[in-house]
Amino acid sequence: FVTWAVQKYPAQKYALIMSDHGGGWTGGFSDFSAPDSSLSMPEIVAAIEQIRQNTGVDKFEMIGFDACLMGQIEVFASLYPYSNYMVASEEVIPAYGWSYAAWLGQLAQNPTVDGSGMSEFIISTYVVNDTLLSEVRATSDEIAQEESTTTLSAIESARVPDVIGAMNQFVSAFAFIDQGIVAEARTYARSYYSLFGEEASPSFIDIGNFSEVLTSMTDDADVQQAAIQLQTAISSAVVSEKHGLNMSGSNGIAFYFPDSDIYYFTEFNSE
């Protein structure tokens, strides 16, 4: 489809938006007409590689996920070589998705913007300017309530390696402290919807907030320094971000941090 679109409608900049059910690093984007048809992250990457070969398009100006839980470092790390900017949510996306009429209207009036500008259109209109909500004449309080549990962020792809490097340093540092403290910090950090059942501990965690919580619980100098470097890298990479009142602690990038039970389940369970 993307190859057809590029060949049929040549342009100076291209954006790829994948809209469907998402599950973070597990992928998503199911075809319900066929069994076992969802796309894993490696399959998405392989498809984009094929698109590159077919079209000669080196990078998309923006890759966006109008899909749940895709705002993870694991997703961004897979796709930063193929984009200038990426837009995704750490949390679940409402069923009606992005506010397309609103942000495409802004893009039509400002067609020369880059991926950063377009991402800002997408994020600023998300939920609050949605056509469906206006058609049902939702009140401002109802819209605020709808927005309260949502997140959306835009990432500059070129800065993703800096986040990965800082994250690796941070993980290496806290490996040497009391892991009971680490587990407690994970419990109190901002978490998002769990794909692995309500009884399982949430494993999709905002990495910036986790680093803040952990440094409040330990005075280890290496952890403190690594956390500051990580938070700086995240702040530089996230070019636009918003979250509702009930999503405090969201900084734009989540990561997968399971406890031992979920790790075992996701590594070895056939499902």
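Note that residues are indexed from 1 along each chain, following the sequence as it is written. Local features in this predicted model are restricted to residues of pLDDT 70 or higher, and side-chain atom pairs are both shown and tallied only at a pLDDT of 80 or more, whereas totals for entire chains, interfaces and linings draw on every residue. Only hydrogens and water are set aside; all other atoms, that is, all heavy atoms of the structure, feed into the side-chain values.

(A) Structural context of the overall build of the protein. Per the secondary structure count, the protein includes 12 helices and seven strands. The C-alpha atoms of the protein give 19 Å as radius of gyration, which agrees with the globular expectation for 271 residues (18 Å, within 12%). For the C-alpha atoms alone, the extent of the protein along its principal axes is close to 55 × 50 × 40 Å. The burial tally for the protein puts 46% of its 271 residues in the buried class. When the accessible surface of the protein is totalled, it reaches about 13700 Å², and 51% of it is carbon and sulfur. Across the protein, the centroid of the 9 positively charged side chains sits 12 Å from that of the 35 negatively charged ones. Secondary structure is summarised from DSSP: a helix means a run of H or I of at least four residues, a strand means a run of E of at least two, and numbering begins at the N terminus for each. C-alpha atoms define the radius of gyration in this analysis, and the globule rule sets the expected value at 2.2 Å times the number of residues to the power 0.38. Think of it in three bands: with a 1.4 Å probe and only protein chains considered, a residue is buried below 20% of the maximum accessible area for its type, exposed above 50%, and partly exposed in between. Method for areas: the Shrake-Rupley scheme with a 1.4 Å probe, in which residue coverage is limited to the protein chains shown. We count Lys and Arg on the positive side and Asp and Glu on the negative side, and we leave His and both chain ends out. Lysine's charge is taken at NZ, arginine's at CZ, aspartate's at CG and glutamate's at CD.

(B) Fine view of the pairing of strand E4 (residues 151–156). Among the six residues that make up E4, five are buried, leaving the element largely enclosed by the rest of the structure. Any two strands with at least two DSSP-identified bridges between them are counted as paired. As defined by bridge partners, strand E3 (residues 83–88) adjoins E4 across four bridges and the pair is classed as antiparallel. Bridge pairing in E4 links Ala 88 to Ser 153. Two strands pair when backbone bridges link them, and E4 and strand E6 (residues 238–243) are joined in this way by five bridges, in the antiparallel orientation. Paired with Thr 151 across the two strands is His 243, which belongs to E6.

(C) Broad picture of the packing of helix H9 (residues 179–188) against helix H10 (residues 207–215). Running from amino to carboxyl end, H9 crosses H10 at an angle of 130°, the nearest separation of the two axes being 9 Å. Considering the angle they form, H9 stands oblique to H10. For the pair H9 and H10, the sense of crossing is right-handed. Between H9, through Ile 181, Val 182, Ala 185, Arg 186 and Tyr 188, and H10, the contact on the second element is made entirely by Asn 209, Phe 210, Val 213 and Leu 214. Tallied by class, residues from the contact of H9 with H10 come to seven nonpolar, one polar and one charged. Each axis is a line fitted through C-alpha atoms, and for a helix only the stretch in contact is used; angles between axes span 0 to 180 degrees, taken between their N-to-C directions. Each angle gets one of four labels, with under 35 degrees taken as roughly parallel, over 145 as roughly antiparallel, 65 to 115 as roughly perpendicular, and the rest as oblique. By convention, the crossing between two helices is left-handed when the near helix turns anticlockwise from the far helix through less than a right angle, and right-handed when the turn is clockwise. Here, residues are in contact when the closest pair of their heavy atoms is within 4.5 Å. Throughout this entry, Asp, Glu, Lys and Arg are counted as charged residues, while Ala, Val, Leu, Ile, Met, Phe, Trp, Tyr, Cys and Pro are counted as nonpolar. The remaining residues, Gly among them, count as polar.

(D) Structural context of a nonpolar patch on the surface. To count toward a patch, a residue needs a relative accessible area over 30% and no salt bridge; like charges are then connected within 9 Å, while nonpolar side chains (Val, Leu, Ile, Met, Phe, Trp, Tyr) are connected within 5 Å. A pairing counts as a salt bridge when a side-chain nitrogen of Lys or Arg comes within 4 Å of a carboxyl oxygen of Asp or Glu. Among the surface-exposed residues, Phe 1, Trp 4 and Tyr 9 lie close enough to one another that they form a single nonpolar patch of about 460 Å² accessible area. For Phe 1, the location among the structural elements is in the segment before helix H1 (2–8).

(E) Representation of the environment of Pro 81 within the structure. Tracing the chain through its elements places Pro 81 in the loop between helix H3 (73–79) and E3. Overall, Pro 81 belongs to the partly exposed group, its relative accessible area being 29%. In sequence terms Pro 81 and Val 45 are 36 residues apart; their C-alpha atoms lie 9.9 Å from each other. Apart from the residues lying within four places of it in its own chain, the contact partners of Pro 81 are Arg 52 and Lys 59.

(F) Spatial organisation of the packing of aromatic side chains. Stacked, edge-to-face and tilted labels apply to pairs of Phe, Tyr and Trp rings (six-membered ring for Trp) whose centres lie within 6.5 Å, assigned for plane angles under 30 degrees, over 60, and everything in between, in that order. A complete count under the given rule lists 17 aromatic pairs for this structure. Taken together, a centroid distance of 5.6 Å and an interplanar angle of 75° make the contact between Phe 174 and Phe 210 edge-to-face. With Phe 174 in helix H8 (residues 160–174) and Phe 210 in helix H10, this residue pair connects regions lying 36 residues apart in the sequence. Considering the side-chain rings of Phe 255 and Phe 257, the 5.6 Å spacing of their centres and the 40° angle between planes classify their relative orientation as tilted. An identical accessibility class is assigned to Phe 255 and Phe 257; each is buried. An aromatic cluster is built from Phe 170, Phe 174, Phe 210, Phe 255 and Phe 257, whose rings are joined through pairwise contacts. Sitting over the face of the ring of Phe 257, Arg 186 holds its NZ or CZ atom 4.6 Å from the ring centroid. For a ring to carry a charge above it, either NZ of a lysine or CZ of an arginine must fall within 6 Å of the ring centroid while also lying within 35 degrees of the normal to the ring plane.

(G) Molecular detail of the sheet that holds strand E1 (residues 15–19). Ordered by their spatial adjacency, five strands build an open sheet running E1-E2-E3-E4-E6, and the pairing between neighbours is mixed. Only two strands of the sheet have a single partner each, and these edge strands are E1 and E6. Adjacent strand axes in the sheet meet at a mean angle of 10°, parallel and antiparallel pairs treated alike.

(H) Expanded view of the packing of H10 against helix H11 (residues 221–237). Axis separation between H10 and H11 bottoms out at 10 Å; the angle between their running directions is 155°. In terms of axis orientation, H10 runs roughly antiparallel to H11. In the crossing of H10 with H11, the sense of the turn from one axis to the other is left-handed. Here H10 contributes Ile 207, Gly 208, Ser 211, Glu 212, Leu 214 and Thr 215 to the contact with H11, which in turn contributes Val 223, Gln 224, Ala 227, Leu 230, Gln 231 and Ile 234. Partitioning the contact of H10 with H11 into residue classes produces six nonpolar, five polar and one charged.

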